[in-house]
Amino acid sequence: MQKAVFSDYRESADFISERIGGEKPDAALILGSGLGDFADRLEGQIVIPYREIPHFPISTVSYQKGELVFGRLNGKKILAMNGRFHYYEGWEMWQTAYPVGVFRLLGIDTMIVTNAAGGIGYSDGRSMRPGDLVCVTDQIKLAPMSPLRGANIEEFGPRFFDMQSVFDKKLIALAHEVAAAQGFELLDGVYAYMSGPQYETPAEIRALGVLGANLVGMSTVAENIFAAQLGIRVLCVSCVTNMAAGITGAAITEDEVVEVASSISSKFEALIGGVIERL
Ligand code: HPA
């Protein structure tokens, strides 16, 4: 499919802006597996199904909804994506990141991204466990496709751009302060993208570990790349739902991933809610 042009993003943004009464959200929130219920906490909700938004892709992951939810939380205006787009569903890489360009046109400059991930061994000197929350400090994408391959949309930023400051240090520090105040450990880690939908082999995980990855997952990096071009600052938090392939030898199943993500959703929600309050 042909890459979107600037006017497509504009039409999506204008549609959303009209639905939310012209408000400028303080932050966008991309909700990964297990955190879908978070949007329920927004007050004065305005729900916009993706299928109604011009040019928007439509999520196909069965346990994720496909809607934008606008509302207030802890005094802040939030636009949440309930359900995201994955390359393994068949979307092009640029489509998986499409909403981020729309966020920018809505005036959004802060994005909180969550996901479920496999834990690769150690982080911060201790063994990771399912249920850990990890602040993503950097990412590795070995898969060759970039969401920004093709004609550059000059309105969105330069063709070549820096990736070193997209994971915003102030937001990371804030997340750690909130976790400490709430009395739980928030690890730091590097997230490696694998395109899926198959989980990885033990050899792939060993390779990613050697490369410096602490987490592995099938989402997130495209959105972060587009955010970097757009100058949107990102806080990205992963929930470790399982140990990555070969670490314990146990089979990895989607049920386990969803179950563990749901079981710690209240901790996850408290962290994200606390961060939002102090944005
Ligand atoms: N690998 C890739 N994606 C994932 C995993 C994993 O082990 N767990 C949750 N998402």
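The model shown is predicted, which means the values in this text are computed figures rather than measured ones. Residue numbers restart at each chain and count upward from 1, following the sequence in its written direction. Whole-chain, interface and lining totals are the exception, using all residues; otherwise, since this is a predicted model, local features are given only for residues with pLDDT of at least 70 and side-chain atom pairs are given and counted only at 80 or more. Each side-chain value is derived from all of the structure's non-hydrogen atoms; neither hydrogens nor water enter the calculation.

A. Region of the structure containing the pattern of salt bridges. Here, a salt bridge means any Lys or Arg side-chain nitrogen found within 4 Å of an Asp or Glu carboxyl oxygen. Tallied over the entire structure, the rule returns eight salt bridges. Between arginine 41 and glutamate 269 there is a salt bridge, with the nearest N and O atoms lying 3.0 Å from each other. Of this pair, arginine 41 sits in the loop between strand E1 (27-31) and strand E2 (43-49) while glutamate 269 is found in helix H8 (residues 265-277), placing the two residues 228 residues apart along the sequence. Residue exposure (1.4 Å probe, protein chains only): buried if accessible area is under 20% of the type maximum, exposed if over 50%, otherwise partly exposed. Residue glutamate 269 is classed as buried on the basis of its relative accessible area of 11%. In this description a helix means any DSSP run of H or I spanning at least four residues, a strand means any run of E spanning at least two, and both kinds are numbered starting from the N terminus.

B. Broad picture of the packing of aromatic side chains. Only Phe, Tyr and Trp rings take part, Trp by its six-membered ring, and two of them pair if their centres are within 6.5 Å. Stacked means planes under 30 degrees apart, edge-to-face means over 60, and tilted covers everything else. Tallying each qualifying case throughout the model produces 10 aromatic pairs. Each ring, one from tyrosine 9 and one from tyrosine 98, has its centre 4.4 Å from the other, and the planes form 20 degrees; the classification is stacked. Of this pair, tyrosine 9 sits in helix H1 (residues 6-19) while tyrosine 98 sits in helix H3 (residues 98-105), and the two are 89 residues apart along the sequence. With respect to class, tyrosine 9 is no different from tyrosine 98; both count as buried.

C. Structural detail: helix H4 (residues 169-182). Given a helix with a known number of residues, its expected span is that number minus one, times 1.5 Å. Across its 14 residues, H4 extends 20 Å between first and last C-alpha, which sits within 8% of the 20 Å expected from 1.5 Å per residue. Regarding H4, the residues found buried are Leu171, Ile172, Leu174, Ala175, Val178 and Ala179. Looking straight down H4, one finds its buried side chains confined to an arc of 160 degrees; they lie on one side. For H4, the exposed residues set more than 90 degrees away from the buried face come down to Lys169, Lys170, Ala180 and Ala181. Elements in contact with the buried residues of H4: strand E5 (110-119), strand E8 (133-141), strand E9 (186-193), strand E11 (233-243) and H8. Here a polar contact is recorded for every N or O atom pair within 3.5 Å, except that within protein the pair must consist of a potential hydrogen donor and a potential acceptor, and residues adjacent in sequence are included only if both atoms are side-chain atoms. In this structure aspartate 168 caps H4, since a side-chain oxygen of it lies 3.2 Å from the backbone nitrogen of lysine 170. Regarding the arc, it is the one traced by the directions from the helix axis to the C-beta atoms. Here a residue-residue contact requires only that any non-hydrogen atoms of the pair lie within 4.5 Å.

D. Geometry of the pairing of E1. Counting buried positions along E1 gives five out of five residues, so the element sits mostly inside the fold. Burial along E1 is two-sided: Ala27, Leu29 and Leu31 and Ala28 and Ile30, pointing in opposite directions, are all buried. Only when DSSP finds a minimum of two bridges between them are two strands counted as paired. Relative to strand E4 (residues 76-82), E1 runs parallel, the two being bridged by five bridges. For isoleucine 30, the partnering residue across the bridge sits in E4 and is methionine 81. As defined by bridge partners, E1 adjoins E5 across three bridges and the pair is classed as parallel. Bridging from a neighbouring strand, leucine 29 pairs with isoleucine 112 of E5.

E. View of the site of the ligand. Near residues are defined by distance, with any heavy atom within 4 Å of the molecule or strand qualifying the residue. Taken together, Ala116, Ala117, Gly118, Tyr199, Glu200, Val216, Gly217, Met218, Thr241, Asn242 and Val257 form the complete shell of residues around the ligand. Alanine 116 is positioned such that a nitrogen or oxygen atom in its backbone is 3.4 Å from a nitrogen atom of the ligand. Contacts to the ligand include glutamate 200, whose side-chain N or O atom sits 2.8 Å from a nitrogen atom. For the area figures, the Shrake-Rupley method with a 1.4 Å probe applies, and any residue is considered shielded solely by the protein chains shown. Surface burial for the ligand is 95%, taken as the share of its 260 Å² of free accessible area covered by protein chains. Among the elements that line the shell around the ligand, the one with the most residues is E5, at three residues. When residues are grouped by polarity, Ala, Val, Leu, Ile, Met, Phe, Trp, Tyr, Cys and Pro land in nonpolar, Asp, Glu, Lys and Arg in charged, and all others, Gly among them, in polar. Taken together, the residues of the shell around the ligand sort by class into six nonpolar, four polar and one charged.

F. A look at the packing of H3 against helix H6 (residues 221-230). The axes are straight lines fitted to the C-alpha atoms, using for helices just the contacting stretch, and the angles between their N-to-C directions are given from 0 to 180°. Look at H3 against H6: their axes get within 8 Å of each other, and the N-to-C directions meet at 30 degrees. Regarding the angle of H3 to H6, the classification is roughly parallel. Between H3 and H6 lies a crossing whose hand is right-handed. Contacts between H3 and H6 involve Tyr98, Val100, Gly101 and Arg104 from the former and Glu223, Phe226, Ala227 and Leu230 from the latter. Oblique is the label for any angle not under 35 degrees, not over 145, and not in the 65 to 115 range, which are roughly parallel, roughly antiparallel and roughly perpendicular in turn. Should the near helix be turned anticlockwise from the far one by less than a right angle, the crossing is left-handed, and should it be turned clockwise, the crossing is right-handed.

G. Representation of the state of the cysteines within the structure. Any two cysteine sulfur atoms within 2.5 Å of one another count as a disulfide. Taken as a whole, this structure holds zero disulfides when the rule is applied. Summary of cysteine pairing: cysteine 236 is not part of a disulfide, and the nearest cysteine sulfur, belonging to cysteine 135, is at 7.8 Å. For cysteine 236, a relative accessible area of 1% translates into the label buried.

Scope: geometric values only; no functional claims are made or implied.
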